[in-house]
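Coordinate inspection notes
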Amino acid sequence: MKQLLENWKRFINENQSAKTSSEMIEEYPFLADDIEQVGEWFPSKELKFYMDEIEIEKIKKGILEMLSTYEEFPKDKKRTDKIVKLLKQGQRRLPIFIEKDDPYNFVLEGRHRMVANYLLGYEKIPVVYVEVQDNELMGEEETVMFPARFLKSHMGEYRTEPKWRNFLKLGD
């Protein structure tokens, strides 16, 4: 495990500059599905990606919220348990994705990984920060997908995610 952490630190130090979606996928094809999912949060926006680490404590609220839903959503628990097992077998710890400068550190992608790392006692987790290059709202008839910073509270987001991800544009 220590070697995995050292490899990730080296990986981070080598990759501090911002990368576009296509650059990320070219260099890290194993993250292609995650990058595509993150892109769905910000349709028609140019995204930049930064590699780093985040302290588990900074995302603990989201972890505890997700853990509290496992009885209601056993498939989530099963998926997290599978990731825990793979990590114990020495699989690479994949990053979670968080919008850059989001004060809530809402995890856009990688919620099960986030919980698995917590359950295994890690103090930090690899993260890819996502920077949205164009923050202008879309036209009247279009749907806008809001990141956590637009919400007054993000408690319960894991239970309601399909219902709140696609808000209509807020009125003036």
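As a reminder, the structure under discussion sits directly above these lines.
I will try to describe carefully the structure that is included in this document. Within each chain, residues carry numbers counting from 1 in the order of the written sequence. Whole-chain, interface and lining totals are the exception, using all residues; otherwise, since this is a predicted model, local features are given only for residues with pLDDT of at least 70 and side-chain atom pairs are given and counted only at 80 or more. Water and hydrogen atoms play no part in the side-chain values, which are based on all heavy atoms of the structure.

1. Some thoughts on the overall build of the protein
Put simply, DSSP H or I for four residues or longer makes a helix, DSSP E for two residues or longer makes a strand, and each gets a number counted from the N terminus. Helix and strand content of the protein: seven helices and five strands. Secondary structure elements in the protein, listed N-terminal to C-terminal, are α-β-α-α-β-α-α-β-β-α-β-α. Any residue under 20% of the maximum accessible area for its type is buried, any over 50% is exposed, and the rest in between are partly exposed; the area is computed with a 1.4 Å probe on protein chains only. Counting over 172 residues, the protein shows a buried share of 44%. Taking the intrachain contacts of the protein between residues at least 6 apart in sequence as the baseline, contacts between residues at least 24 apart amount to 78%. To measure how exposed things are, a 1.4 Å probe is used in the Shrake-Rupley method; for residues, cover is taken only from the protein chains shown. Element-wise, carbon and sulfur atoms account for 48% of the exposed surface of the protein, whose accessible area totals about 10300 Å². Contact definition: two residues touch when any of their heavy atoms are within 4.5 Å.

2. So, the packing of aromatic side chains
Pairing of aromatic rings covers Phe, Tyr and Trp, the last counted by its six-membered ring, and requires centre-to-centre distances within 6.5 Å; plane angles under 30 degrees mean stacked, over 60 mean edge-to-face, and any other angle means tilted. Taken as a whole and judged by the stated rule, the model has three aromatic pairs. Their ring planes at 70° and their centres at 5.5 Å tell us that W41 and F106 sit as a pair that is edge-to-face. Placement of W41 in helix α3 (residues 32-41) and of F106 in the loop between β3 (96-99) and β4 (107-109) is noted, with a sequence separation of 65 residues between them. Residue class for W41 comes out buried when judged on its relative accessible area of 2%. Judged by relative accessible area, F106 falls into the buried class, the value being 2%.

3. Digging into the nonpolar core
What makes a nonpolar core is a set of buried Ala, Val, Leu, Ile, Met, Phe, Trp, Tyr and Cys residues whose side-chain atoms join them at distances within 4.5 Å. Counting 16 residues, the largest nonpolar core has M24, V38, F42, F49 and V130 as its most contacted members. For this core, the secondary-structure elements that each account for two or more residues are α3, β2 (47-55) and β5 (124-132). Once residues within four sequence positions are removed from consideration, V130 is found in contact with V38, F42, L47, K48, F49, F97, I98, E99, K100 and L108. Residues I59, M66, V107 and V127 belong to the second largest nonpolar core, which totals 14 residues.

4. What about the pattern of salt bridges?
Just to be clear on terms, a salt bridge is a Lys or Arg side-chain nitrogen sitting within 4 Å of an Asp or Glu carboxyl oxygen. Counted under the stated rule, the structure contains five salt bridges. Taking the shortest distance from any N to any O, the salt bridge between E27 and K19 comes out at 3.3 Å. On the basis of relative accessible area, E27 is assigned to the partly exposed category, the value being 40%. Residue classification places K19 among the buried residues on the basis of a relative accessible area of 8%.

5. Description of the sheet that holds strand β1 (residues 19-20)
Strand pairing is defined by DSSP finding a minimum of two bridges between the two strands. Judged by pairing direction, the sheet is mixed, and its five strands sit side by side in the order β1-β2-β5-β3-β4 without closing on themselves. The sheet terminates laterally at β1 and β4, the two strands that pair on one side only. Across four bridges, β3 lies against β5 in parallel orientation. Across the sheet, I96 pairs through a bridge with V127, a residue of β5. Contacting β2, β3, β4 and β5, α3 runs over the sheet at an angle of about 125° to β4. Geometry is summarised by axes, namely lines fitted to C-alpha atoms with helices restricted to the contacting stretch, and by angles between N-to-C directions that run from 0 to 180 degrees.

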